[in-house]
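Coordinate analysis (summary)
The residues making up each chain are set out below.
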Amino acid sequence: MQNHKRKAKEIKVPGPDHTLVVVPFSGTVQVTVSGRTVADTKRALQLDEASYPSVYYIPREDTDMSLLVPTTHYTYCPYKGDCSYFSIPIGGPRSEYAVWTYEEPYDAVAEIKNHLAFYPSRVDEITVRGEQ
């Protein structure tokens, strides 16, 4: 029997070559799927990473968690940690893996713990009002 060593996950720290900033968003963010409001908050966090578009992380308390179903899908980000996903069944196949979250985010983005982000292409609309 061979002894396989599990490769350690690479952890990267944001810096000048890969910026990552999390700040409270001063406006409102609302997510809708199939005519239902899935999330509505005035307490979103705006995450700006490198040259990617801003991502709004919404507190779980401001999300209708009864509309979300956890999945076994996961990914890994060396800057943020292990990422798990939810699907939104009322949105049909398009809304599979529509929501992601970092249950135990790395220290650089610790604020996003207990927050959810939504893929714009997998929900009907993400309405962002206020300062951006």
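What you are looking at is a predicted structure, and each value in this text was computed from that prediction instead of being measured.

Attention now goes to the packing of aromatic side chains. Enumeration over the complete set of coordinates arrives at four aromatic pairs. Pairing Y57 with W100 gives two aromatic rings, centres 6.3 Å apart and planes at 90°, and the pair type is edge-to-face. Placement of Y57 in strand 5 (residues 55–59) and of W100 in strand 8 (residues 99–101) is noted, with a sequence separation of 43 residues between them. Classification of Y57 as buried rests on a relative accessible area of 1%. When the centroid spacing of 4.5 Å and the interplanar angle of 45° are considered together, the rings of W100 and Y119 count as tilted. On the criterion of sequence distance, the pair formed by W100 in strand 8 and Y119 in the loop between strand 9 (115–118) and strand 10 (125–129) is long-range, its members being 19 residues apart. Under the relative-accessibility criterion, Y119 is labelled partly exposed at 28%.

Moving on, we come to the pairing of strand 6 (residues 69–77). By the bridge criterion, six bridges tie strand 6 to strand 7 (residues 81–87) in an arrangement that is antiparallel. Among the inter-strand pairings, Y76 is bridged to a residue of strand 7, identified as D82. Taken together, strand 6 and the strand that follows it, strand 7, pair antiparallel across an intervening segment of three residues.

Our focus in this paragraph is the pattern of salt bridges. This model, assessed by the stated rule, comprises seven salt bridges. Ionic pairing is found between E49 and K80, a salt bridge with its closest N-O pair at 2.5 Å. Of this pair, E49 sits in strand 4 (residues 45–49) while K80 sits in the loop between strand 6 and strand 7, placing them 31 residues apart in sequence. Here E49 matches K80 in class, with each residue buried. D124 is the salt-bridge partner of R94, the closest N and O atoms lying 2.3 Å from each other. Highlighted residues: R94 in the loop between strand 7 and strand 8 and D124 in the loop between strand 9 and strand 10, separated in sequence by 30 residues. Residue D124 is classed as partly exposed on the basis of its relative accessible area, which comes to 43%. Several salt bridges share partner residues, and in doing so they unite R43, E61 and D62 into one network.

Cut-off values and rules
Residues numbered from 1 in each chain as written. Predicted model: local features only at pLDDT ≥ 70, side-chain atom pairs only at ≥ 80, totals over all residues. Heavy atoms only, no water. Phe/Tyr/Trp six-rings, centres within 6.5 Å; stacked < 30°, edge-to-face > 60°. Helix = DSSP H or I, 4+ residues; strand = E, 2+ residues; numbered from the N terminus. Buried < 20%, exposed > 50% of the residue type's maximum accessible area, 1.4 Å probe, protein only. Pairing = 2+ DSSP bridges. Salt bridge = Lys/Arg side-chain N within 4 Å of Asp/Glu carboxyl O.

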